[in-house]
Every structure is written in structure tokens, then in C-alpha cells.
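Given next are the chains, with one letter for each unit.
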Amino acid sequence: LAEGRRANRASISEYRKFLASGLASAATVVIHGTALDRAQLGTLADAGAKLVWSPQSNLRLYGETTDIASAVDAGLSLGLGADWLPSGSRSLLDELRVARRVLAAQGVHRPARWYVDMVTSTAARIAGLEHDLGTVEAGRPADITIVERLDDDGYESVLAAEPANVELVMIGGDVAYGSDRVVTQLVESPTTYETLLAWGRPMLLDTGYAALHPGAEPGLEFPNLASVRRTLIRRYPHIGPILA
């Protein structure tokens with residue numbers, strides 16, 4: 001909603017039509033909102049709406065981004081997304097750093113945990129999934145990313161991390177990707193894992209995850225990274241590098 005440069009007439013008209021529709025509510029999740037001013041963001045906050053922000057993509061496409069300082073002041077719940085690869089960040093780790101720099105430039109300073117919440121617990125709440133996702137608790141899916149410790153504050157470590165600092169990725173408790181040192185400690189027989197160099201580090205990637213998933217077709221062949229890459233490039237010739 002209202003994606004475009006600040007005060008863009010078409011975007012503001014879109015916003016006004018949306019308000020007139022009566023659809024603004026606690027179920028509303030606005031993506032971008034770059035054209036909106038303080039009063040308009042406040043109206044969304046009063047309706048209980050939430051906002052998903054993609055600063056890097058906004059800056060590349062429009063040369064400016066959402067007045068996020070006003071959104072924070074208005075009390076809007078904020079999630080963070082990298083939008084798409086052609087203009088967005090390559091990962092949420094990168095987008096977190098962009099968000100922190102932009103907010104600081106707008107005069108807003110928040111602790112590292114606040115930013116990490118934007119892509120975990122707050123994001124789950126915005127999506128209406130806070131009872132299942134967003135925090136590490138017994139009985140919940142173990143969707144976990146572990147990065148190297150780069151700071152005494154664990155949340156600062158996340159904000160400082162690059163893709164090369166990722167030690168482990170778990171999806172629903174399954175070890176999907178990680179350094180060979182870590183994966184071999186957690187997985188007894190990593191037979192479906194493919195060895196690769198990612199950002200100069202020896203890593204293991206479980207390319208057989210889909211084939212092993214309950215309900216998968218019997219005898220389904222394990223894909224490998226090379227075949228996945230070929231399929232993606234064939235369908236999307238301009239796709240960026242995968243684990244470059």
C-alpha cells in the first residue's frame with residue numbers, strides 16, 4: 001500500500017481509497033507505505049494495523065524510504081523484509097544493518113534485540129502466527145539460525161553477522177545447512193548432505209530434505225545443488241548467484 005515516493009499523488013489516492021473501504025483494522029498488514037506522512041501512519045496505528053518495511057529496496061527504487069521514525073512514534077508494529085533480490089538486500093542479515101543505519105539517520109536509536117525481534121517474534125505476531133512461531137519454546141517448530149559470536153551481546157552478533165558467519169540452519173528441527181564442524185556433531189550419518197564451499201568456508205547442505213520429507217514419493221531422487229541451480233537458471237535466466 002502507498003508504495004512510491006513521499007507524497008506521490010497516486011499512492012496517496014490509493015491510501016485514501018483503502019481507508020474509505022473500511023478495511024483498515026488489526027488484521028491489516030501494510031507493506032512499504034513509503035508515501036505516507038506522520039498523520040497517515042498514525043491513522044493506520046490507531047486502526048491497529050501493522051507495517052512491513054523494506055528499506056534497501058525503497059532506497060534503490062525511490063531514493064527514499066518510509067518515515068519509519070514517525071511509524072515508531074505512532075506505535076505501529078514493525079516487521080522487516082528484504083523485498084526482492086533485484087533491489088533488496090541479499091538476506092535479512094544485510095537488511096537488519098540497513099534498517100539500523102536508516103533509523104539512526106532518522107534520529108531513532110533502538111537496542112539490537114529490537115531489530116532481531118522485527119524478523120522473529122514481532123514478525124510472527126504481525127503474521128498472526130505468534131502462538132506457533134517467533135520464539136524458541138518447547139513444542140514449537142525448531143526453525144533456528146545460529147551465527148558466530150561476534151560480540152559479547154548475542155543480539156549485536158546477529159546484527160554484525162554476514163552469510164559467512166552462519167554456523168547452522170535448522171528447519172523444523174532438521175539440520176538443513178551448516179559448517180561441517182557443527183553438522184557432523186549433530187547428525188550421525190550425514191549421507192544426504194552435499195559438501196560445498198560457501199563464502200570460502202567448507203559447509204554441508206542437506207539437498208535431500210524434500211526427498212526425505214514424510215509424504216514424499218517413494219524412490220524420489222535426491223537433488224543436488226548443481227541441479228537446483230540449473231533448474232532455477234533455466235526458469236529465471238537472470239537469477240543472482242546461489243551461495244556465491
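Our subject is the structure that appears above.
Trainee: Any chance you could explain the nonpolar core here in plain terms?
Mentor: One broad trend across soluble globular proteins is that nonpolar side chains are buried collectively. Counting 30 residues, the largest nonpolar core has Trp 53, Leu 76 and Leu 78 as its most contacted members. Elements with a contribution of two residues or more to this core: α1 (9-20), α2 (38-46), β2 (50-53), α4 (68-74), β3 (77-80), α5 (92-105) and α6 (112-118). In terms of residue count, α5 provides more of this core than any other element does, five residues in total. Setting aside residues up to four positions removed in sequence, Leu 78 forms contacts with Leu 51, Ile 68, Ala 71, Val 72, Trp 114, Met 118, Thr 122 and Ile 126. Grouped together as the second largest cluster of nonpolar side chains are 10 residues, Val 147, Ala 161, Tyr 177 and Ala 198 included.

Trainee: It is not clear to me how unusual backbone geometry should be interpreted in this structure. Could you clarify?
Mentor: Excluding glycine, most residues fall at negative phi; most peptide bonds, likewise, are trans. Of note in this structure, Ala 7 is not a glycine but carries a positive phi near 70 degrees. Following the sequence through the fold, Ala 7 ends up in the segment before α1. Although it is not a glycine, Asp 83 sits at a positive phi angle of roughly 60 degrees. Mapping Asp 83 onto the fold places it in the loop between β3 and α5. Residue Asp 83 is classed as partly exposed on the basis of its relative accessible area of 39%.

Trainee: Help me out: how do you make sense of α5 in this one?
Mentor: Three- or four-residue spacings in an α-helix give side chains the same orientation, since the helix completes a turn every 3.6 residues. The terminal C-alpha atoms of α5, which comprises 14 residues, lie 20 Å apart, in line with the 20 Å expected from a rise of 1.5 Å per residue. Buried within α5 we find Leu 93, Asp 94, Glu 95, Leu 96, Arg 97, Val 98, Ala 99, Val 102 and Leu 103. Where α5 terminates, the next one or two residues include Gly 107, which has phi positive at roughly 85 degrees.

Trainee: What's the story with the pattern of salt bridges in this structure? I'm lost.
Mentor: Should their charged atoms come close, side chains of opposite charge can pair. Taken as a whole and judged by the stated rule, the model has 10 salt bridges. Put simply, Arg 140 and Glu 137 hold a salt bridge, and the shortest N to O gap is 3.9 Å. Under the relative-accessibility criterion, Glu 137 is labelled partly exposed at 43%. Close ionic contact of Glu 167 with Arg 201 constitutes a salt bridge, the shortest N to O distance being 3.2 Å. Of this pair, Glu 167 sits in strand β5 (residues 166-171) while Arg 201 is found in strand β8 (residues 201-206), placing the two residues 34 residues apart along the sequence. When its relative accessible area of 19% is taken as the criterion, Arg 201 is described as buried. Taken together, the shared-partner salt bridges connect Arg 90, Asp 94, Arg 97 and Glu 162 into one network.

Trainee: Where do I start with the sheet that holds β2 in this structure?
Mentor: Across a sheet, strands are paired by hydrogen bonds formed along the backbone, either parallel or antiparallel in direction. As summarised here, the arrangement of the three strands in space is β1-β2-β3, forming an open sheet in which the pairing is parallel. Each of the sheet's edge strands pairs with one partner strand only, and the pair in question is β1 (29-31) and β3. With direction set aside, neighbouring strand axes in the sheet form an average angle of 25 degrees. Alignment of β2 against β3, held across four bridges, turns out to be parallel. Across the sheet, the residue bridging to Lys 50 is Ser 77, located in β3. In the packing of α5 onto the sheet, contacts are made with β2 and β3, and the angle to β3 comes to roughly 135 degrees.

Rules used in this analysis
Residues numbered from 1 in each chain as written. Predicted model: local features only at pLDDT ≥ 70, side-chain atom pairs only at ≥ 80, totals over all residues. Heavy atoms only, no water. Core = buried A, V, L, I, M, F, W, Y, C linked by side-chain atoms within 4.5 Å. Buried < 20%, exposed > 50% of the residue type's maximum accessible area, 1.4 Å probe, protein only. Helix = DSSP H or I, 4+ residues; strand = E, 2+ residues; numbered from the N terminus. Contact = heavy atoms within 4.5 Å. Expected span 1.5 Å × (residues − 1). Salt bridge = Lys/Arg side-chain N within 4 Å of Asp/Glu carboxyl O. Pairing = 2+ DSSP bridges. Axes fitted to C-alpha atoms, helices over the stretch in contact; angles between N-to-C directions.

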